[in-house]
Amino acid sequence: MSRSHARFWVCAAITAAFVLAIPAAAGAAPGRAAASAPSAGVVTAAVTARLLDQAANAADPGLRSAGADDTRVAVTRRVGQSWAFGTAVVVAPHEEGRYPAGWVFVAHRERAEWQVAFDGEGGFAALAAEAPATVVSAREREVFTADVQPTYVNGDYRTGMRLPYAVGQSWSFTGGPHGWAGSDSPWSAIDLAGGDQRVLAARGGTAYTMCRGWIRVIHDRGYATDYYHLWNSINVNGAGVGEGAYLGDTGTDVTCGGAASGRHVHYALRQNNVYVPIGGHNFDKWVIMNGGGTYQGYALHGSTQVNVGGALYNYGALGLNQGVIDANGGGTVNRRTGPGTGYGVAGSIADGATATVACSANGTTHTGRWGTTALWNKLTDGTRVTDAYMWTGLSGPINGWC
């Protein structure tokens, strides 16, 4: 919902993006010294050189020291010596608190030069738009070229996602918000374990195998989710997957680096091709909340709080026009016939209940867990509930004004 999100100052440092044109020079070996001169026509060398440039500027010192042997470039589609598409990963050291870095790339060769762009760079959308359909599919082009602003910056924390396992199961919340690499920022990830161990897509999208054990699904609204440490991970190359599609099993796989003790899924949130704070966002009908340090925190479902180590029941995805009733410790919230306490009571709705919003209007002001507001939500049954006692993920109307 709303005012809560004043608590989440978002600082996402997004590096200035650009497309690097790499000239061809026969016989040049891949590596930092050859970043501008890979062998003519060898797109893998061009991407590797670009990848090492990215690693050289990484915050993680383990990635900054990476060499060509620490890269994994998979050219999954190409058109002769003119276009190519695939994934590019810098492998991390096999140490606690280390994680790989990876991107989807598009490459185009003009004359003797390869242009290589990674997702998140300014030239990526332009190359994706120009690429032939055999290199970038129509579905991918729509996703890659969408002009989506980081919605959470504007106080919109709705994801439309569920927890990444079967509806009706309860899994252990083994690690609260922490960075993709553990202690780094933003705190974009949580750890989950248990149940039937089957990790499922949190929302429909386009899936990529970054490397064995690591799947990325790019969703709508600019969001993407990463799933790491998987055993039996699927092998996908831009395939469309539906909500609940099988991605792999929880595991301890560290093919691309890092460390894992005890099988789990390291589950991270991205938007506009960078990791973003997971705190304040909802998955399923739970809102993930930061703690005082990494791996701490809790999750809220209405007034129900589950700390790290507890179990999160999968209720299913919360619609973008739905909210969760939060009585702020009370058992129920009054429903009214109009937008304010001057209107008659038309029953009540239980804490934790899912409510579908038809439209919203201003009325009397109230204060709840998420702040003070005059907004009242008209439910689909015609009754009204103050927005102060609902989590909707947005500070304003989620389905227009009445």
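From a predicted model like this one, the values you see are computed outputs, not experimental measurements.

Let's shift gears to the state of the cysteines. With the rule as written, the count across this model stands at 2 disulfides. Between the sulfur of Cys-211 and that of Cys-256 lies a disulfide, 2.0 Å long from S to S. Of this pair, Cys-211 sits in strand E9 (residues 205–211) while Cys-256 sits in the loop between strand E13 (246–249) and strand E14 (265–271), and the two are 45 residues apart along the sequence. Judged by its relative accessible area of 1%, Cys-256 is buried. Across the disulfide from Cys-359 sits Cys-402; the S-S distance is 2.0 Å. Residues Cys-359 and Cys-402 are joined through a disulfide that is right-handed, its torsion about the S-S bond being 95 degrees. Here Cys-359 is found in strand E24 (residues 354–368), whereas its partner Cys-402 is found in the segment after strand E27 (390–391), with 43 residues between them in sequence. Taking the relative accessible area as the measure of exposure, Cys-402 reaches 49% and is therefore partly exposed. The connectivity of the disulfide-linked cysteines in the chain, indexed sequentially, is 1-2, 3-4.

In space, the 4 strands of this open sheet follow the order E16-E17-E18-E19, with antiparallel pairing throughout. Edge positions in the sheet fall to strand E16 (282–283) and strand E19 (304–307), since each of these pairs with one other strand and no more. Pairing between E16 and strand E17 (residues 286–289): 2 bridges, direction antiparallel. Note on E17: the bridge partner recorded for Phe-283 is Trp-286.

Counted according to the given criterion, the structure contains 12 salt bridges. Close ionic contact of Asp-326 with Arg-369 constitutes a salt bridge, the shortest N to O distance being 2.6 Å. Of this pair, Asp-326 sits in the loop between strand E21 (322–325) and strand E22 (332–336) while Arg-369 sits in the loop between E24 and strand E25 (371–379), and the two are 43 residues apart along the sequence. Residue classification places Asp-326 among the buried residues on the basis of a relative accessible area of 1%. Between Asp-381 and Arg-335 there is a salt bridge, and its shortest N-O distance comes to 2.5 Å.

All right, on to the confidence of the model for the chain then. Put simply, the chain has an average pLDDT of 88, and 89% of its residues get 70 or more. The low-confidence segment residues 1–41 (pLDDT under 50) makes 107 contacts with residues lying over four places distant or belonging to another chain.

Here we come to the packing of aromatic side chains. Under the definition given, this model contains 15 aromatic pairs. Taking the centre distance of 6.0 Å and the plane angle of 65 degrees together, the rings of Trp-214 and Tyr-228 count as edge-to-face. With Trp-214 in strand E10 (residues 214–218) and Tyr-228 in strand E11 (residues 223–228), the pair connects residues that are 14 residues apart, well separated along the chain. Of the residues examined, Trp-214 reaches a relative accessible area of 0% and is grouped as buried. On the basis of relative accessibility, which here comes to 0%, the residue Tyr-228 falls in the buried class. For the pair Tyr-313 and Tyr-315, a centre-to-centre distance of 4.8 Å together with 75 degrees between the ring planes defines the contact as edge-to-face. Classification of Tyr-315 as partly exposed rests on a relative accessible area of 35%. Aromatic rings pair up to connect Tyr-99, Trp-180, Trp-214, Tyr-228 and Tyr-275 into one cluster. A cation over an aromatic ring shows up here: Arg-270 above the ring of Tyr-275, its NZ or CZ 4.6 Å from the ring centre.

With 14 residues, helix H1 (residues 43–56) should reach 20 Å at 1.5 Å per residue; the first-to-last C-alpha distance of 20 Å fits that figure. Of all the residues in H1, the buried ones are Val-43, Ala-45, Ala-46, Val-47, Thr-48, Ala-49, Arg-50, Leu-51, Leu-52, Gln-54 and Ala-55.

On to the side chain of Thr-71, then. Examined against the element boundaries, Thr-71 turns out to sit in strand E2 (residues 71–79). On the accessibility criterion, Thr-71 (11% relative accessible area) is buried. Here Ala-68 takes part through its backbone oxygen, which lies 2.7 Å from a polar atom of the side chain of Thr-71. Ignoring sequence-local partners within four residues, the contact set of Thr-71 consists of Thr-48, Leu-51, Leu-52 and Val-89.

Turning next to the pairing of E17. Because side chains alternate across E17, one face comprises the buried residues Trp-286 and Ile-288, and the other comprises Val-287 and Met-289, equally buried. Note that E17 and strand E18 (residues 298–301) share 3 bridges and pair antiparallel. Counterpart to Met-289 in the pairing with E18 is Tyr-298.

Looking now at the environment of His-281. Topologically, His-281 is positioned in the loop between strand E15 (274–275) and E16. Since its relative accessible area comes to 0%, His-281 is described here as buried. The spatial distance from the C-alpha of His-281 to the C-alpha of Thr-159 is 6.9 Å, given a sequence separation of 122 residues. Look past the residues within four positions of His-281 in its chain and what remains in contact with it is Tyr-152, Tyr-157, Thr-159, Tyr-223, Leu-269, Trp-286, Val-287 and Ile-288.

A few words on the environment of Asp-184. Of note, Asp-184 is situated in the loop between strand E6 (170–178) and strand E7 (189–193). A sequence separation of 110 residues divides Asp-184 from Thr-294, and the C-alpha atoms of the two residues are 8.9 Å apart. There is a polar contact of 3.4 Å between the side chain of Asp-184 and the backbone nitrogen of Trp-180. A polar side-chain atom of Asp-184 sits 3.1 Å from the main-chain amide nitrogen of Gly-182.

What counts and what doesn't
- Residues numbered from 1 in each chain as written.
- Predicted model: local features only at pLDDT ≥ 70, side-chain atom pairs only at ≥ 80, totals over all residues.
- Heavy atoms only, no water.
- Disulfide = S-S within 2.5 Å.
- Helix = DSSP H or I, 4+ residues; strand = E, 2+ residues; numbered from the N terminus.
- Buried < 20%, exposed > 50% of the residue type's maximum accessible area, 1.4 Å probe, protein only.
- Pairing = 2+ DSSP bridges.
- Salt bridge = Lys/Arg side-chain N within 4 Å of Asp/Glu carboxyl O.
- pLDDT = per-residue confidence, 0-100.
- Contact = heavy atoms within 4.5 Å.
- Phe/Tyr/Trp six-rings, centres within 6.5 Å; stacked < 30°, edge-to-face > 60°.
- Lys NZ or Arg CZ within 6 Å of the ring centre and 35° of its normal.
- Expected span 1.5 Å × (residues − 1).
- Polar contact = N/O pair within 3.5 Å; in protein donor to acceptor, adjacent residues only side chain to side chain.

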